[in-house]
Amino acid sequence: YVSSGIIAEYVSSGINAEYGGFVTTTLTSPVDVVKTTYVNSAPGTYSGAIGCARHLAVSGGFRVFYKGCVPSFFRITGWNLIMFISYEQLRRIVSKQLTPRNY
């Protein structure tokens, strides 16, 4: 396995999954917190999503937007890891099927 580069592909997939999970969680967590707060509030509590975000920022500060980001990070990273490894394995299988054989 080492000579064929399988270990290197798994390590590369793991690093890519962690980086992708971090970036995705960092960018989407604030939107998810605002959406969840707005949807679960009583009707008329906020004037809209922007009003909800403003209220959250004033009452809880910047950190409130990243509430619950650790479980989200692990969920997304796990999914990314499975996706990257599966993609690489399928790509290897398909490329072997498509390459002409030298007889």
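Model, not experiment: these values are computed from the prediction.

> Honestly, the packing of aromatic side chains in this entry has me stumped. Any pointers?
Aromatic ring pairs are defined here through the distance separating the ring centres and the angle between the ring planes. Enumeration according to the criterion identifies two aromatic pairs in this entry. Ring centres of F62 and Y66 lie 5.6 Å apart, and the angle between their planes is 55 degrees; this geometry places the pair in the tilted category. Y66 gets classed as partly exposed once you look at its relative accessible area, which sits at 25%. Taken together, a centroid distance of 5.4 Å and an interplanar angle of 65 degrees make the contact between F73 and F74 edge-to-face. Relative accessible area serves as the criterion here: at 22%, F73 is assigned to the partly exposed category.

> Sorry if this is basic, but what is going on with the confidence of the model for the protein chain here?
Low pLDDT marks regions whose predicted coordinates should not be analysed in detail. Mean pLDDT over the protein chain stands at 87; residues scoring 70 or higher make up 92%. Per-element averaging of pLDDT across the protein chain places helix α3 (residues 69-98) at the bottom with 87 and helix α2 (residues 49-60) at the top with 95.

Thresholds, definitions, all that
- Within each chain, residue numbers correspond to sequence positions counted from 1 in written order.
- Side-chain atom pairs in this predicted model are given and counted only at pLDDT of 80 or more, local residue features only at pLDDT of at least 70, and totals for whole chains, interfaces and linings cover all residues.
- For the side-chain quantities, the full set of heavy atoms in the structure was used; hydrogens and water were omitted.
- Between the rings of Phe, Tyr and Trp (Trp by its six-membered ring), a pair exists once the centres lie within 6.5 Å; its type follows the angle of the planes, with under 30 degrees stacked, over 60 edge-to-face, and the other angles tilted.
- Summary of the burial criterion: residues with accessible area below 20% of their type's maximum are buried, those above 50% are exposed, and those between are partly exposed, where the area comes from a 1.4 Å probe applied to protein chains only.
- Values of pLDDT, which run from 0 to 100, indicate the predictor's confidence residue by residue.
- A run of H or I in DSSP becomes a helix once it reaches four residues, and a run of E becomes a strand once it reaches two; helices and strands are each numbered from the N terminus.

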